[in-house]
Amino acid sequence: MTGPALGLLGIIVLLLAMFALRVPASFIMAIVGFIGIVFASSWKSAMTLLGTDLWATFSGYGFTVIPMFILLGEFIFHAGLSDRLYRAAHIWFGHWRGGVAVSTVMACSGFSAICGSNTATAATMTAVAIPSMKKYKYHPCLMGGAVAAGSTLGVMIPPSIVLVVYGLYTGQSISKLFFGTLIPGLVLTVLMMLTILAICTRHPEWGPKGEQTTWSQKIRALPEVLDILILFAAIMIALLSGVVTATEAAAASSFLGLILCLIRRKLPWKKFKAAVEDTLRISCMVFMIVAGATIFGRFMALTRLPSESAQWIGGLALPSWVVLVLMLVCYAIGGCIMDALAFLLISLPIFFELVKQMGYDPVWFGVVITLITTMGAITPPVAICCFIVSGMSKDISIGQVYKGSMYFLPAYIITLILLMLIPAYMVLMLANLVR
Amino acid sequence: ATKTADTAPAAEAKITPASKPDASPAAPAAPATPATPAAKKVKTGKIVLKYANFPPASTFPCVQMEHWKTELENRLGSEVEVQTFPGGTLLGPKNMYDGVVSGLADIGCFAMSYQPGRFPLSESVDLPLGFSSSKVASSVLFDLFEKYKPKEFEDVKILTVFTCPPANIMSSKPLQKLADFKGMELRVSGTGADVLKRLGGVPVAMPQSETPDAIQKGVVKGIISSLEILKDFNFFAYCRHVTKEDLNVISFAVVMNKETWDELPNHVKAVIDDMSRAQMEWTADYVDNHVLDALEWCGTQDGEPLKIYEFTPAEKAEIKKLLQPMIDEYAKRIKEKGLPAEEILADVQALKTKYEEQFKKE
Amino acid sequence: MNALEKLNRILTGVLAIFAGVSVIALMLLAAGNVIMRLFGFPYSGTYEMVGFLGAIVAAFALGYTQVKKEHVMVDLFSRKYPPLLKRFVDAASYLLVMAFSSLAAYAIFESGRVLKRKEEVSETLKIIYYPFVYAVALGFAVMAISLLIDFLGTIFWGEGEDSS
Ligand code: NA
Ligand code: NA
C-alpha cells in the first residue's frame, strides 16, 4: 500500500494507538509517523529524517520563544505575582459567575498581542492562570477550556505566526493581514467571554460566584498588581516600539521579572529552582509535541494525502461557495488530525490559486483559514493546546480539557459566519487602511 | 541489482554542450528495452520520481522544478511522472542532501551555501566576486562542476546546478555609503554573513519567515539577498532602499538518489543528462528576468518609490580590499582539504571573465 | 529496584542541571543582545547560539520530564482499564517509547556524525556544531534508559503508575 491510502491508514492507526495505548501524545505522533515513513519509503530514509528533523526542531531559533515565555510565567507564578493578579481580578470581576475565567480570556487576548504562537500562549497562560483559578474552586473543565480556547487567540490577535507564514507563502502584505485579523480576533475574544457566562448559567457550580466588593476595595486592589503591570508594560513597549524579536522580548522580560522578584525578595533559591525545573519539564514537553507533529506531518506529506485531497476538491466542478466550504471542512479535519501549521503549508500552494481564481479576497481568506486552523489546536484528538494545558496541570485530565474546549466551538463558528456574511466590516475595512 | 554497462561515473559527466539544440539524438534512439530487469522505480510500468524542494512554491527554485517536471514529462510522455513537494514539506534546506541519499526523495534541490564547509567547491562561486547576473555565475558553477567532479557529491547523481542572482542590499533605511554599514543588523544567508561582517555590519541568520516582522520592528534593518524577493516575498513593503552592489551568490544543486539513477532505463538517463545544461540556462535566464520584473513591479506599487543607490568607485575599491581576505582564507581552507585552490580560483576568474563578456553582448 | 531508581534519578538529574544552566544562559544571552543592541553593538552569533542552547534545554530535560511523568497522554479510555490490563499496556507502552527513543538517539547521533565527517560548520559563527547534535542524541539516550527502568518497574514491581 502506498500513497493516500497509506496516509488514511496512518491516521486510523494514530487515533487507535493514541486512545488505546498509554503512550504520550507527542511520542505516538512521532512513532506512527516514523513507522509510516518506513512503509512509504524505507528504513534508511525514516532514520535520516528522524535524526535531522528532531535536531532541526530542537535547535530552531523560532521555538526558543517557548522556554523563555514559560520561564517568565514560572517566575511570576513562583514569586506569587500571578496570585496577586488573580486576587485583583477576583475582587473586580469575581462577583459574576465565571468572572475569573472571563478575565483569563481577557488576559489571553492581551498576551496574544505580544506573542504570535498559540502553543507559547497556552504554556504561559496555563502557568499563570490555572493555579490561581483553582484557588477559587473553578471546575477543571471550565479552567482547561477557557485557557485552551483563550490560547488559540495567540494567532488570531496580531502578531501571528500563522498569518506570517500565510503572508510569505502568498505574497500578501503581512501588515494588511495583521490589521485584517484585528476585528475578528476581538469578536472571537468577546464571544469566548460570553461562552463562559453561558457555561456558568448551565453549570453554576463550575465558576463559583465571589463576594460583592465595593469600589474602594477594587481601587485598593490595584497597587497589588503594580509589579506585573510594570512587567507587562515593559514587554509591550519593547515589542511594539521594536528592536526585539519575540524570543528576545521573552528573555528580556524574564530577566526583568527575575530582577523584580529578587528586589522584592519574592524569589528565594528554592522557588527559583522550582521555577527553572518547571520550565524545563514544560518546555521539553512542548518541544516534543512540536517534534511529534512535525514527524507525523512529514509522513502525511509523503503519502500525498493532503495534497491529493486538496487537488480533488480543486478539480470538482461546483459553485465557488461550495468549493470554499469544502476547503474549510478540509482545514477543520486537517486541523483535527495533524498540526494545523503543517497542514497549512501542504495545502496552501493548491488552495490559494483556486481561491484567487474564484475571486475571493486573499487577505480575507488568510484570516478565515487562520481562524479555522487555530480552532484545530483545540479540536480532539490531536489538539496541541489541550495537550499543553492538561500536561501542565496535573489534576486536569485531557478529557476534561477536551470537554471544556468543545463549549467554545460555537464562538469560532459564529465568528466564521460573520466573516462570511459581512467580510467588508470584519476584515477589509481595517486591512484597506494599510497602504 | 541492475548495473548496466554505462552507469560508470564517466557517463555522468557527459553533458551536452550548450550549443547543441534541444532535440537530442539520444532520446529517440533508445526504445524501452523490456530486457531491463524489474527495478523498483520501473516495476509499476511508470517511473514515479519524488522531487523535494525547500522554499515556497512561488520562488525560482520551485519554478525551475516545475519547468523541469514539465520538460521531462513532455519529452518522455506518460512514461514518467514527477511528483513535486515544494515548501519544505518533505525535506528542509539542511537535510535535503542526506534525505536524497537515504532515498526519501528521489530528487532534491538545495542550496550548498546553507551548509558551509560541506561543499567546498561551490563555495568558490559563493565568494564575493561580483558576478553581474545569475547567468554568468550559474555558467561558471556548471563548468566548474564538470571539470572538478566534486567528491562531496559522490553519493548522488547531479542533475543540474545554478545560482541565484547576485545579492544586493535592501533596507528600511538608506544605506548610501560604506560607513553606513557600521553596526547595522541585516538578515543574510550563506557567505553573505562573512561579507557583511567584513563590511562592518552585523549579520543575522534568522529564518526568512521571521524577517518581515523583524524589519518592521527594527530588529534588523534589512536583508541582503537577490532582488526578486522584493516582489516574491513582498519585501518591497518593508524595504524601500536598495544599494546596488553585487556581492555574493547562493549556489544550488539538484541531485538524484544514486540507486534511483542506476535503475532508470538508458533512454531516460540520456534525456535527463541532455536537459542538464539547458535547465541551468533556463533557470538563470528566468531568475535574471524575474529580478527586472520585480524592480518594474515595485514601480507600479503605491507609496514611497524604491530608491536605488550605488557606491562610489573609491568605495567599490575599498569593498574589494575588505573582502579580499575572504578569498585568501577560502584558498587556505580548501588547500587543507587537499583541493587545488589556486587552480580552482584561477578557473573561476577565467570563466567569469569569459561569461561576463559572452553574455554582455547578448 | 531502589538502586535502579536512584541511578535513574541521578542520571536524569545531572542532565537536568545542565539543562537548567542552559536555560538561564539562553535568557542572559538573548536579553544581553537586546541591551547590546541599544548601545549599538549587537552580537551576530546570538541567534545561532540561542538555537543551540534551546536544543540542550529540551534534550537534556527529556529524561527528567519522563521521571516526572510530564509528557501528556490521551488516557480518556485507557485510564479505565482493569489493573492487570493497565499494567500490561503500560509496560508495552514504555517499551515502545523506549525503542523509539533509542532509535531517535541513534538517528540523531548518526546525523551528527555526518556533520562531523563532512566538516560542516554553522552558518554565522562558522563553528563546528556537531557536539550540540551529539548532546541532543545523549538526551534521547538517557530518556531511553529512564524508560527501561520504568518498564522494569512496571513488569516486576507493578510500579510506574503515573500520577497524572
Ligand atoms: Na498574537
Ligand atoms: Na486538532
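Residues numbered from 1 in each chain as written. Chains lettered and ligands numbered in written order. Predicted model: local features only at pLDDT ≥ 70, side-chain atom pairs only at ≥ 80, totals over all residues. Heavy atoms only, no water.

A. Region of the structure containing the overall build of chain B. A tally of regular secondary structure across chain B gives 13 helices and 11 strands. Looking at the 362 residues of chain B, the share that counts as buried comes to 60%. Partitioning the intrachain contacts of chain B with sequence separation of at least 6 by distance along the chain shows that 77% fall at a separation of at least 24. Taken as a whole, chain B presents about 14,000 Å² of accessible surface, with 56% of it coming from carbon and sulfur. (Helix = DSSP H or I, 4+ residues; strand = E, 2+ residues; numbered from the N terminus. Buried < 20%, exposed > 50% of the residue type's maximum accessible area, 1.4 Å probe, protein only. Contact = heavy atoms within 4.5 Å. Areas by Shrake-Rupley, 256 points an atom, 1.4 Å probe, with all protein chains shown as cover.)

B. Representation of the overall build of chain A. For chain A, the helix and strand inventory stands at 24 helices and 0 strands. Its C-alpha radius of gyration of 22 Å places chain A within 12% of the 22 Å reference for a compact globule of 435 residues. Along the longest, intermediate and shortest principal axes, the C-alpha atoms of chain A span 65 × 50 × 45 Å. A total of 435 residues make up chain A; the buried ones form 64% of that total. For chain A, the share of sequence-separated contacts (at least 6 apart) that also reach a separation of at least 24 residues comes to 80%. Carbon and sulfur atoms provide 71% of the accessible area of chain A, an area that totals close to 14,800 Å². Of the charged side chains in chain A, 26 are positive and 15 negative, and the gap between their average positions amounts to 6 Å. (Rg over C-alpha atoms; globule rule 2.2 N^0.38 Å. Lys, Arg positive; Asp, Glu negative; His and termini not counted. Charge placed at Lys NZ, Arg CZ, Asp CG, Glu CD.)

C. Main features of the packing of helix α1 (residues 2-38) of chain C against helix α5 (residues 130-157) of chain C. Residue and element names in this part refer to chain C. Direction vectors running N to C along α1 and α5 enclose 160 degrees, while the axes themselves pass 10 Å from each other. Taken as axis vectors, α1 and α5 run roughly antiparallel relative to one another. Note that α1 runs across α5; the crossing there is left-handed. The segment α1 lies against α5, with L4, E5, N8, L11, T12 and L15 engaging L138, G139, V142, I145, S146, I149 and L152. (Axes fitted to C-alpha atoms, helices over the stretch in contact; angles between N-to-C directions. Parallel < 35°, antiparallel > 145°, perpendicular 65-115°, else oblique. Left-handed = near helix turned anticlockwise from the far one by under 90°.)

D. The arrangement of the interface of chain C and chain A in detail. Chain C puts 62 residues into the contact, and the matching count from chain A is 60 residues. The largest per-residue losses of area from chain C upon contact with chain A belong to V72, V74 and F100 of chain C, which jointly make up 15% of the total buried on that side. Scanning the region where chain C abuts chain A turns up 1 salt bridge. Between R22 of chain A and D90 of chain C there is a salt bridge, with its nearest N and O atoms 2.9 Å apart. Taken together, the connections running from chain C to chain A amount to 6 residue pairs in polar contact (both at pLDDT 80 or more). Breaking the side of chain C that touches chain A down by element, the ones donating at least two residues are α1, α2 (46-60), α3 (62-67), α4 (83-117) and α5 of chain C. Residues of the side of chain C that touches chain A, tallied by class, amount to 42 nonpolar, 11 polar and 9 charged. (Buried area = accessible area lost by both parts, 1.4 Å probe. Salt bridge = Lys/Arg side-chain N within 4 Å of Asp/Glu carboxyl O. Polar contact = N/O pair within 3.5 Å; in protein donor to acceptor, adjacent residues only side chain to side chain. Nonpolar A, V, L, I, M, F, W, Y, C, P; charged D, E, K, R; others polar.)

E. View of the pattern of salt bridges. All names here are of chain B. Enumeration according to the criterion identifies 32 salt bridges over all chains in this entry. Here E81 makes a salt bridge to K46, at a shortest N to O gap of 4.0 Å. Residue E81 is found in strand β2 (residues 80-85), and its partner K46 is found in the loop between α2 (26-29) and β1 (47-53); the two are separated by 35 residues along the sequence. Judged by its relative accessible area of 32%, K46 falls in the partly exposed class. Overlapping salt bridges, with partners in common, bring together E71, R75 and D274 in one network.

F. Highlighting the interface of chain C and chain B. Every contact between the two is made by 15 residues of chain C and, on the other side, 22 residues of chain B. Summed over both partners, the interface of chain C with chain B buries about 1,700 Å², with 52% contributed by carbon and sulfur atoms. The largest share of the area that chain C buries against chain B comes from Y47, K118 and E123 of chain C, three residues that together contribute 37% of it. The interface formed by chain C and chain B contains 4 salt bridges. Here the side of chain C that touches chain B is built from residues that sort into 5 nonpolar, 4 polar and 6 charged.

G. Region of the structure containing the sheet that holds strand β5 (residues 168-171) of chain B. All names here are of chain B. One open sheet holds the 6 strands; their spatial order is β7-β6-β8-β5-β9-β11, and the pairing between them is mixed. A strand with exactly one partner marks an edge of an open sheet, and here the two such strands are β7 (202-204) and β11 (307-309). Between one strand axis and the next, the sheet turns through 30 degrees on average, direction left out of account. Across 4 bridges, β5 lies against strand β8 (residues 222-225) in antiparallel orientation. From the neighbouring strand, I169 faces β8, where its bridge partner is I224. (Pairing = 2+ DSSP bridges.)

H. Region of the structure containing the environment of Y114 of chain B. If you trace the backbone, Y114 of chain B turns up in the loop between β3 (107-111) and α5 (120-126). In this structure Y114 of chain B touches F54, P93, K94, S189, G190 and I250 of chain B together with E123 of chain C, once residues within four positions along its chain are discounted.

I. Seen up close, the pairing of β1 of chain B. Residues and elements named next belong to chain B. Within β1, 6 of the 7 residues are buried, which leaves the element mostly enclosed by the surrounding structure. Pairing between β1 and β2: 6 bridges, direction parallel. Pairing of I47 across the sheet is with V80, part of β2. With respect to chirality, the unit in which β1 leads through helix α3 (residues 60-76) into the neighbouring parallel β2 is right-handed. Across 3 bridges, the pairing between β1 and β3 is parallel. The residue bridging A52 from the neighbouring strand is G108, located in β3. (Right-handed = clockwise from strand over helix to strand, strands pointing away.)

J. Up close: the sheet that holds β1 of chain B. All names here are of chain B. Pairing is mixed in the open sheet, where 5 strands are placed in the order β2-β1-β3-β10-β4. Two strands bound the open sheet, and with one partner strand each, they are β2 and β4 (156-163). Put simply, the sheet's adjacent strands are angled 20 degrees from each other on average, direction ignored. Packing against the sheet, helix α6 (residues 134-148) makes contact with β4 and β10 (251-257), and its axis sits at approximately 155 degrees to β4. Seen against the sheet, helix α11 (residues 266-300) touches β1, β4 and β10 and runs at an angle of roughly 20 degrees to β4.

K. Region of the structure containing the side chain of S102 of chain B. Structurally, S102 of chain B is set in helix α4 (residues 96-102). Ignoring anything within four residues of it in the chain, the contact list for S102 of chain B reads S42, K44, S45 and T48 of chain A together with N257 of chain B.

L. Focus on the nonpolar core. In terms of nonpolar packing, the biggest core is built from 298 residues, with F58, F387 and Y412 of chain A, L72 and F153 of chain B together with F140 of chain C touching the most fellow members. It is helix α16 (residues 269-303) of chain A that contributes the most residues to this core, 19 residues altogether. Beyond its immediate sequence surroundings of up to four residues, F140 of chain C is in contact with L54, F58 and M288 of chain A together with L62, S101, A104, A105 and I108 of chain C. In this structure, L178, L186, L196 and L247 of chain B belong to the second largest nonpolar core, which totals 18 residues. (Core = buried A, V, L, I, M, F, W, Y, C linked by side-chain atoms within 4.5 Å.)

M. Summary view of the confidence of the model for chain B. All names here are of chain B. For chain B, per-residue confidence averages 84 on the pLDDT scale, and residues scoring 70 or more make up 87% of the total. Counting contacts from residues 1-39, a segment whose pLDDT is below 50, to residues more than four positions away or on other chains yields 42 contacts. As scored by the predictor, the complex reaches a pTM of 0.82 and an ipTM of 0.84. (pLDDT = per-residue confidence, 0-100.)

N. How the structure looks around a nonpolar patch on the surface. Residue and element names in this part refer to chain A. A contiguous nonpolar surface patch, about 690 Å² in accessible area, is contributed by I413, I417, M420, L421, I422, Y425 and M429. Contributions of two or more residues to the nonpolar patch are made by α23 (409-421) and α24 (423-431). With respect to the element layout, M420 can be found in helix α23. Residue classification places M420 among the partly exposed residues on the basis of a relative accessible area of 31%. (Patch = residues over 30% accessible without salt bridge, like charges linked within 9 Å, V, L, I, M, F, W, Y side chains within 5 Å.)

O. Broad picture of the packing of helix α3 (residues 43-59) of chain A against α16 of chain A. Residues and elements named next belong to chain A. The contact between α3 and α16 brings their axes to 10 Å, and the two run at 140 degrees. Between α3 and α16, the angle falls in the class oblique. The handedness of the crossing between α3 and α16 is right-handed. Each of L49, L50, D53, L54, T57 and F58 in α3 lies in contact with α16, whose residues at this interface are F287, M288, V290, A291, T294, I295 and R298. Taken together, the residues of the contact of α3 with α16 sort by class into 9 nonpolar, 2 polar and 2 charged.

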